[in-house]
Amino acid sequence: MAKVMVMEHPLIQHKIGIIRRTGTSSKEFRELVGEVAMFMAYEATRDLKLREIEIETPLAKTKAMQLAGKKLAVVPILRAGLGMVEGMLAMIPAAKVGHIGLYRDPDTLEPVEYYCKLPADSSEREVFVVDPMLATGGSAVAAIAMLKEKGVKNIRFLCLIAAPEGLKKLQETHPDVDIYVGALDDHLNEHGYIVPGLGDAGDRIFGTK
Ligand code: URA
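Residues numbered from 1 in each chain as written. Predicted model: local features only at pLDDT ≥ 70, side-chain atom pairs only at ≥ 80, totals over all residues. Heavy atoms only, no water.

The protein carries the name Uracil phosphoribosyltransferase in an unreviewed UniProt entry, which gives Lactonifactor longoviformis DSM 17459 as its organism. Note on the protein: under the UniProt heading Function (unreviewed entry), the record states "Catalyzes the conversion of uracil and 5-phospho-alpha-D-ribose 1-diphosphate (PRPP) to UMP and diphosphate." Recorded under Pathway (unreviewed entry), the UniProt text for the protein is reproduced unchanged: "Pyrimidine metabolism; UMP biosynthesis via salvage pathway; UMP from uracil: step 1/1." (UniProt positions renumbered as here; feature names shortened; annotations may be inferred.)

The structure is reproduced here in structure tokens:
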């Protein structure tokens, strides 16, 4: 079964507490989403492989550590996932960025695919799929299925806020995908919004409401 890690770091919890508030402006919201994504990238890369290499400092030859495992990629689910990309790249600047476009049909709440562009060697990479909100789980499940169809084998999923319903669905459908969650909320309402949540993450990031 997939590992689920709910972030307990006080800075993550504090920042998510500000992000949630109605009075937080788009500017602050964007900045904080980026900061939380950065901290989450730090936590989600704890187990990356290292190798020892020889280096020269100005004073002596010595041994140092270097990342040695698979190359990395960040794949935001459009559009709200874009808000997490910069923060992720602040931690893993060599990662390539793919994009997956899905929207939720307002009536069925089912994900509909409209765009997918990935780095050519994605099947060789450790891929971090990012979306601030894991609500019904429909988009995350569909996005990860798309990645797997394109040969991606190593996938992790990061979100700021998850609903128990979405978490369960993602865990059950993709048991090989580890899930990193900033905060686990109470439930989904009848419109598919996470409660207490933060509202519509895309609208709040891009100021479209
Ligand atoms: N997407 C959002 O942006 N917010 C929710 O609460 C659920 C899905």
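A. Molecular detail of helix H2 (residues 26-44). Compared with the 27 Å implied by 1.5 Å per residue over 19 residues, the 26 Å span of H2 between its first and last C-alpha is a close match. The complete set of buried residues in H2 reads Phe29, Leu32, Val33, Gly34, Val36, Ala37, Met40, Ala41 and Ala44. Buried residues along H2 sit against helix H1 (10-20), helix H3 (85-91), strand S8 (126-130), strand S10 (154-162), strand S11 (178-184) and helix H6 (201-206). (Helix = DSSP H or I, 4+ residues; strand = E, 2+ residues; numbered from the N terminus. Expected span 1.5 Å × (residues − 1). Buried < 20%, exposed > 50% of the residue type's maximum accessible area, 1.4 Å probe, protein only. Contact = heavy atoms within 4.5 Å.)

B. Broad picture of the nonpolar core. Among the nonpolar cores identified, the biggest contains 35 residues, and Ile19, Met40, Met88, Leu158 and Leu160 are the most heavily contacted of them. Taken together, the elements giving at least two residues each to this core come down to H1, H2, strand S4 (72-78), S8, S10, S11 and H6. The element best represented in this core is H2, accounting for 8 residues. Here methionine 88 is in contact with Ala37, Met38, Ala41, Val74, Phe128, Val130 and Leu158, once residues within four sequence places are set aside. Among the nonpolar cores identified, the runner-up in size contains 25 residues, and Val152, Phe157, Leu167 and Val181 belong to it. (Core = buried A, V, L, I, M, F, W, Y, C linked by side-chain atoms within 4.5 Å.)

C. Seen up close, the UniProt feature "binding site: 5-phospho-alpha-D-ribose 1-diphosphate" (unreviewed entry) in the protein. As annotated in UniProt, the feature "binding site: 5-phospho-alpha-D-ribose 1-diphosphate" (unreviewed entry) corresponds to Arg79, Arg104, Asp131, Pro132, Met133, Leu134, Ala135, Thr136, Gly137, Gly138, Ser139 and Asp200 in the numbering used here. Looking at the element boundaries, arginine 79 is found in the loop between S4 and H3. Judged by its relative accessible area of 34%, arginine 79 is partly exposed. Those residues in contact with arginine 79, other than ones at most four positions away along the chain, are Asp200, Gly202, Asp203, Phe206 and Thr208. Secondary-structure assignment places serine 139 in helix H4 (residues 138-149). For serine 139, a relative accessible area of 16% puts it in the buried group. When near neighbours in sequence (up to four residues on either side) are disregarded, serine 139 contacts Ile77, Leu102, Arg104 and Pro111.

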